[in-house]
Amino acid sequence: MTVRVLSIGTATPRGRLTQGRTSDFGRAMAPSSVPEGVIEGLYRRTKIDRRGSVLIDPATGAQTFYAQDADGRGPGTAARMAVYAREAASLACEAGAGAIARAKMSAASITHVVTVSCTGFESPGVDQMLVRSLGLRASVGRTHIGFMGCHGALNGLAVARALAAADANAVILLCCVELCSLHMHYGDRMDQLIANALFADGAGAAIVARSERAECPEVRACRSWLAPDSADLMSWRIGDHGFEMSLSPQVPARLAAVVPGWMDAVLESCDPPLRRADVAGWAIHPGGAKIVEAVGEALGLGGDTTADSLAVLREHGNMSSPTVLFILDRMMQAGRARPWVAMAFGPGLAAEAVVFA
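Everything in this summary refers to the structure shown in the same document. (Residues numbered from 1 in each chain as written. Predicted model: local features only at pLDDT ≥ 70, side-chain atom pairs only at ≥ 80, totals over all residues. Heavy atoms only, no water.)

Helix and strand content of the chain: ten helices and 13 strands. By the compact-globule yardstick of 21 Å for 357 residues, the chain fits well, its C-alpha radius of gyration being 20 Å. Burial analysis of the chain (357 residues in total) assigns 57% to the buried set. The long-range fraction of contacts in the chain, counting pairs at least 24 apart against all pairs at least 6 apart in sequence, stands at 80%. Summed over its atoms, the accessible surface of the chain is roughly 14,200 Å², and 52% of this surface lies on carbon and sulfur atoms. Taking the 33 positively charged and 34 negatively charged side chains of the chain as two groups, their mean positions are separated by 4 Å. (Helix = DSSP H or I, 4+ residues; strand = E, 2+ residues; numbered from the N terminus. Rg over C-alpha atoms; globule rule 2.2 N^0.38 Å. Buried < 20%, exposed > 50% of the residue type's maximum accessible area, 1.4 Å probe, protein only. Contact = heavy atoms within 4.5 Å. Areas by Shrake-Rupley, 256 points an atom, 1.4 Å probe, with all protein chains shown as cover. Lys, Arg positive; Asp, Glu negative; His and termini not counted. Charge placed at Lys NZ, Arg CZ, Asp CG, Glu CD.)

The structure is reproduced here in structure tokens:
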């Protein structure tokens, strides 16, 4: 039997922001030296209409977490992690319960849990909360993948695939949860202003197991890659006031230059080998609209091919690791023809890809 994704479940916070309300935050967190028009233009160019945040009161649409303090840097990392500890598990459990229900199986069927997160740390963590809250067996194997950034879901799929390939009875619950809105920053650094404009909160989960359900996508191949001479283009570090992202404007152009050759090698390594023209669906992680557009153009993809990626960005923002699961969920629900390729990029300018048949 082959290893397949049997189902996907997703969850977003009840507190939602429209683009206008989000740009209000952007203006509040930028110093007066940054013109208001710059902030509004920056948020408009993200092509994000709305997004979720655990910091937003669903009833009022307001938040009190980012009340600018005396030193102008916002809440400390401990305060941000306290919110993560309070909010992350419930969002993850909602996505996990959805994936289990869609797979039409019982919680007792799960043998392994693989969790992914880069926006918070807590121990006991989300993995144990999933076991307790979803009623999984106490003997469930647990693996956590931390701090890998936007491509973490694809690393998680690779681990889940390996577990299922090694054990015919394994049923893996993969769960990614990110609270990116905990790491907004005050200041006038353009890369941090861009990060504030792009990121959002969400959770995605998938059930992975050996199966002959032909309607479910087979996880055919998982591939990793590091772009040469690129370590300074993207980084993600823990600071005193949240996690600090460094993001070069060169990223879309660098990816456009190197992804086609890498992707051809990925497809050639499949059994049987594939060409770009053979791929019917592409799930490109929307690190931003420019990344999707640059990579899509470099690969020679038509506009409709990247529509699912851009739709998820428009409706939810960049939720980091769960985002690609939201895209794959759209493709599964729409019954898109296969094969598919999912790809995502992260710090160090690392790339991950999964080929589905």
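Moving on from the coordinates now.
Spatially, β8-β13-β12-β11 is the arrangement adopted by the four strands of the open sheet, whose pairing is mixed. Edge strands, defined here as strands with exactly one partner in the open sheet, are β8 (219-226) and β11 (281-284). Within the sheet, the average angular offset between the axes of one strand and its neighbour, ignoring direction, is 15 degrees. One ladder, built from seven bridges, connects strand β12 (residues 340-346) with strand β13 (residues 350-356); its direction is antiparallel. (Pairing = 2+ DSSP bridges. Axes fitted to C-alpha atoms, helices over the stretch in contact; angles between N-to-C directions.)

Applying the stated rule across the entire model yields three cavities of 30 Å³ or more. Estimates place the volume of the largest cavity at around 220 Å³. As for the largest cavity, its lining consists of 19 residues, and the residues nearest its centre are Cys180, Ala195, Phe199, Trp236 and Met245. It is helix α6 (residues 190-198) that contributes the most residues to the lining of the largest cavity, three residues altogether. Residue classes in the lining of the largest cavity are distributed as eleven nonpolar, eight polar and no charged. For the second largest cavity, the lining is made up of 13 residues, of which Leu17, Phe25, Ser53, Ser181 and Met184 are closest to its centre. Classifying every residue of the lining of the second largest cavity gives seven nonpolar, five polar and one charged. (1 Å grid on protein atoms, 1.4 Å probe; cavity = no way out; pocket = protein on both sides within 12 Å on 5 of 7 lines; lining within 4 Å. Points joined across faces, edges and corners; volume = space filled by probe spheres on them. Nonpolar A, V, L, I, M, F, W, Y, C, P; charged D, E, K, R; others polar.)

All right, on to the sheet that holds strand β4 (residues 112-117) then. Pairing is mixed in the open sheet, where five strands are placed in the order β1-β7-β6-β4-β5. At either end of the open sheet lies a strand with only one pairing partner, and these are β1 (2-11) and β5 (141-146). Mean inter-strand twist for the sheet, computed between neighbouring axes without regard to direction, equals 15 degrees.

Quick look at the packing of helix α1 (residues 19-29) against helix α2 (residues 36-45) now. Viewed as axis vectors pointing N to C, α1 and α2 meet at an angle of 140 degrees, and their least axial separation amounts to 9 Å. It follows that α1 is oblique to α2 by the angle criterion. The element α1 and its partner α2 pack so that their crossing is right-handed. In this structure, α1 uses Gln19, Thr22, Ser23, Gly26 and Arg27 to contact α2, whose residues at the interface are Glu36, Ile39, Glu40 and Tyr43. Looking at the contact of α1 with α2 residue by residue, the classes come out as two nonpolar, four polar and three charged. (Parallel < 35°, antiparallel > 145°, perpendicular 65-115°, else oblique. Left-handed = near helix turned anticlockwise from the far one by under 90°.)

On to the pairing of β12, then. Taking burial as the measure, the seven residues of β12 include seven buried ones, the bulk of the element. Alternating positions in β12 separate into two faces, Trp340, Ala342, Ala344 and Gly346 on one and Val341, Met343 and Phe345 on the other, with burial throughout. Bridging between β11 and β12 involves four bridges; their strand directions are parallel. Bridge assignment links Gly281 to a residue of β12, and that residue is Trp340. Between β12 and β13, which pair antiparallel one after the other, the connecting turn spans three residues, and Gly348 there sits at a positive phi close to 80 degrees.

Time to look at the layout of surface pockets. In this model, the largest pocket occupies a volume close to 600 Å³. Contributing to the lining of the largest pocket are 27 residues, with Ile194, Leu198, Leu247, Gly288 and Lys290 lying nearest its centre. Looking at the lining of the largest pocket, the elements that each hand over two or more residues are α2, α6, β10 (242-247), α7 (251-268) and α8 (289-298). Broken down by element, the residue count for the lining of the largest pocket peaks at five residues, all from α6. For the lining of the largest pocket, the residue count by class is 16 nonpolar, six polar and five charged.

What follows is about the nonpolar core. Core analysis: the biggest nonpolar cluster contains 92 residues, and Leu136, Ile207, Met263 and Met343 have the highest contact counts within it. At ten residues, the largest contribution of residues to this core is made by helix α3 (residues 77-102). Each residue touching Met343, except ones within four places of it in the same chain, is listed here: Leu154, Val259, Met263, Trp282, Ala283, Ile284, His285, Val295, Leu299, Glu352 and Ala353. Residues Val116, Leu325, Leu328 and Phe356 belong to the second largest nonpolar core, which totals 34 residues. (Core = buried A, V, L, I, M, F, W, Y, C linked by side-chain atoms within 4.5 Å.)

It is worth spelling out the packing of aromatic side chains at this point. All chains considered together, the criterion is met by nine aromatic pairs. Considering the side-chain rings of Phe121 and Phe147, the 5.7 Å spacing of their centres and the 40 degrees angle between planes classify their relative orientation as tilted. Of this pair, Phe121 sits in the loop between β4 and α4 (126-134) while Phe147 sits in the loop between β5 and α5 (152-166), and the two are 26 residues apart along the sequence. For Phe121, a relative accessible area of 40% puts it in the partly exposed group. On the numbers, 5.5 Å between centres and 20 degrees between planes, the contact of Trp225 with Trp262 is stacked. Taken as a pair, Trp225 in strand β8 and Trp262 in helix α7 lie far apart in primary sequence, 37 residues in all. Of the residues examined, Trp225 reaches a relative accessible area of 22% and is grouped as partly exposed. One aromatic cluster in this structure is built from Phe121, Phe147, Trp236 and Phe243. Above the ring of Trp340, the side-chain terminus of Arg338 is found at 5.9 Å from the ring centroid. (Phe/Tyr/Trp six-rings, centres within 6.5 Å; stacked < 30°, edge-to-face > 60°. Lys NZ or Arg CZ within 6 Å of the ring centre and 35° of its normal.)

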